[in-house]
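Overview (structure and organization)
Residue strings, one per chain:
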Amino acid sequence: MARKPSHVWSFRPGMRAGVLGWRGSAKAAERLKSAGAEIIALRRTDPVTAAEGVVVLAERIWPAFEHIDTSSGALGSAVRLTLDKLLPILIDAPADEKTRAKWLDRLRTAILEDGVD
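What comes next is a walk through the structure. (Residues numbered from 1 in each chain as written. Predicted model: local features only at pLDDT ≥ 70, side-chain atom pairs only at ≥ 80, totals over all residues. Heavy atoms only, no water.)

**Observations regarding helix 3 (residues 74-92)**
Spanning 19 residues, helix 3 covers 28 Å between terminal C-alpha atoms, matching the ideal 27 Å at 1.5 Å per step. Burial in helix 3 covers these residues: Leu-75, Ala-78, Val-79, Thr-82, Leu-86, Ile-89 and Leu-90. Considering only its buried residues, helix 3 is in contact with helix 1 (25-43), helix 2 (47-65) and helix 4 (97-112). (Helix = DSSP H or I, 4+ residues; strand = E, 2+ residues; numbered from the N terminus. Expected span 1.5 Å × (residues − 1). Buried < 20%, exposed > 50% of the residue type's maximum accessible area, 1.4 Å probe, protein only. Contact = heavy atoms within 4.5 Å.)

So this is what it looks like as C-alpha cells:
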C-alpha cells in the first residue's frame with residue numbers, strides 16, 4: 001500500500017513557475033544540481049520518497065524554466081544530465097503498481113503541458 005511521503009522538499013521554492021528570468025540559466029543549473037543532490041541523499045534511507053522527488057522535480061522543470069533563454073544549450077544539457085542521473089532512482093524504487101501508475105500519469109501530464117510542440 002502506498003504511503004503519503006512525509007519529506008518536505010527544499011528544492012520546491014526555487015523550482016516554481018516564473019521564479020527565474022530569461023537570463024537565469026546558470027541559476028537554474030545550480031538549482032537542478034541542488035535538487036538532484038537532495039534526491040540522491042534521500043535515496044539511501046527512503047527510496048520510494050526519493051522516487052517521488054524525481055517526479056516532483058520533473059513536474060516543476062518546465063514551469064520554472066520556461067522563460068529562460070536556452071539558446072546556448074547549457075540549460076538543456078543540465079536538465080538532461082540531471083534526469084539521466086535521477087531516472088534510475090525512479091525506476092529502481094520498490095513501489096507498488098498503483099504508486100507507479102500515479103507517477104506515470106503525473107509524468108505524462110508534465111510532458112503534455114510542457115509547452116514544447
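**Considerations on the environment of Ile-111**
By the element assignment, Ile-111 lies in helix 4. According to the relative accessible area criterion, Ile-111 is exposed, its value standing at 59%.

**Considering the nonpolar core**
Of all hydrophobic cores here, the largest spans 29 residues; its most connected members are Phe-11, Leu-32, Ile-39, Leu-57 and Phe-65. Those elements that provide at least two residues to this core are helix 1, helix 2, helix 3 and helix 4. Here this core gets nine residues from one element, more than from any other, and that element is helix 2. Discounting residues that sit within four places of it in the chain, Phe-11 has contacts with Ala-35, Glu-38, Ile-39, Gly-53, Val-56, Leu-57 and Arg-60. (Core = buried A, V, L, I, M, F, W, Y, C linked by side-chain atoms within 4.5 Å.)

**Quick notes on the pattern of salt bridges**
For the coordinates displayed, the defined rule picks out four salt bridges. A salt bridge links Glu-52 to Arg-106; the shortest N-O distance between them is 2.6 Å. Of the two residues, Glu-52 sits in helix 2 while Arg-106 sits in helix 4, which places them 54 residues apart along the sequence. Overall, Glu-52 belongs to the buried group, its relative accessible area being 14%. (Salt bridge = Lys/Arg side-chain N within 4 Å of Asp/Glu carboxyl O.)

**A closer look at the environment of Val-54**
Relative to the elements of secondary structure, Val-54 occurs in helix 2. Relative accessible area serves as the criterion here: at 2%, Val-54 is assigned to the buried category. Among residues more than four places away in sequence, those in contact with Val-54 are Ile-39, Leu-86, Leu-87, Ile-89 and Leu-90.

**Thoughts on the packing of aromatic side chains**
Counted under the stated rule, the structure contains one aromatic pair. Relative to Phe-11, the ring of Trp-9 lies with its centre 5.5 Å away and its plane at 40°, an arrangement referred to as tilted. This pair shows no difference in class: Trp-9 is buried, exactly as Phe-11 is. (Phe/Tyr/Trp six-rings, centres within 6.5 Å; stacked < 30°, edge-to-face > 60°.)

**What about helix 2?**
Compared with the 27 Å implied by 1.5 Å per residue over 19 residues, the 27 Å span of helix 2 between its first and last C-alpha is a close match. Of the positions making up helix 2, those classed as buried are Thr-49, Ala-50, Ala-51, Glu-52, Gly-53, Val-54, Val-55, Val-56, Leu-57, Ile-61, Ala-64 and Phe-65.

**Quick notes on the packing of helix 2 against helix 4**
Interhelical geometry of helix 2 versus helix 4 gives an angle of 15° and a closest axis separation of 9 Å. The angle between helix 2 and helix 4 falls in the class roughly parallel. Crossing hand, helix 2 versus helix 4: left-handed. Here Val-48, Ala-51, Glu-52, Val-55, Val-56, Ala-58 and Glu-59 of helix 2 come into contact with helix 4, specifically with Trp-103, Arg-106, Leu-107 and Ala-110. For the contact of helix 2 with helix 4, the class distribution of residues is eight nonpolar, no polar and three charged. (Axes fitted to C-alpha atoms, helices over the stretch in contact; angles between N-to-C directions. Parallel < 35°, antiparallel > 145°, perpendicular 65-115°, else oblique. Left-handed = near helix turned anticlockwise from the far one by under 90°. Nonpolar A, V, L, I, M, F, W, Y, C, P; charged D, E, K, R; others polar.)

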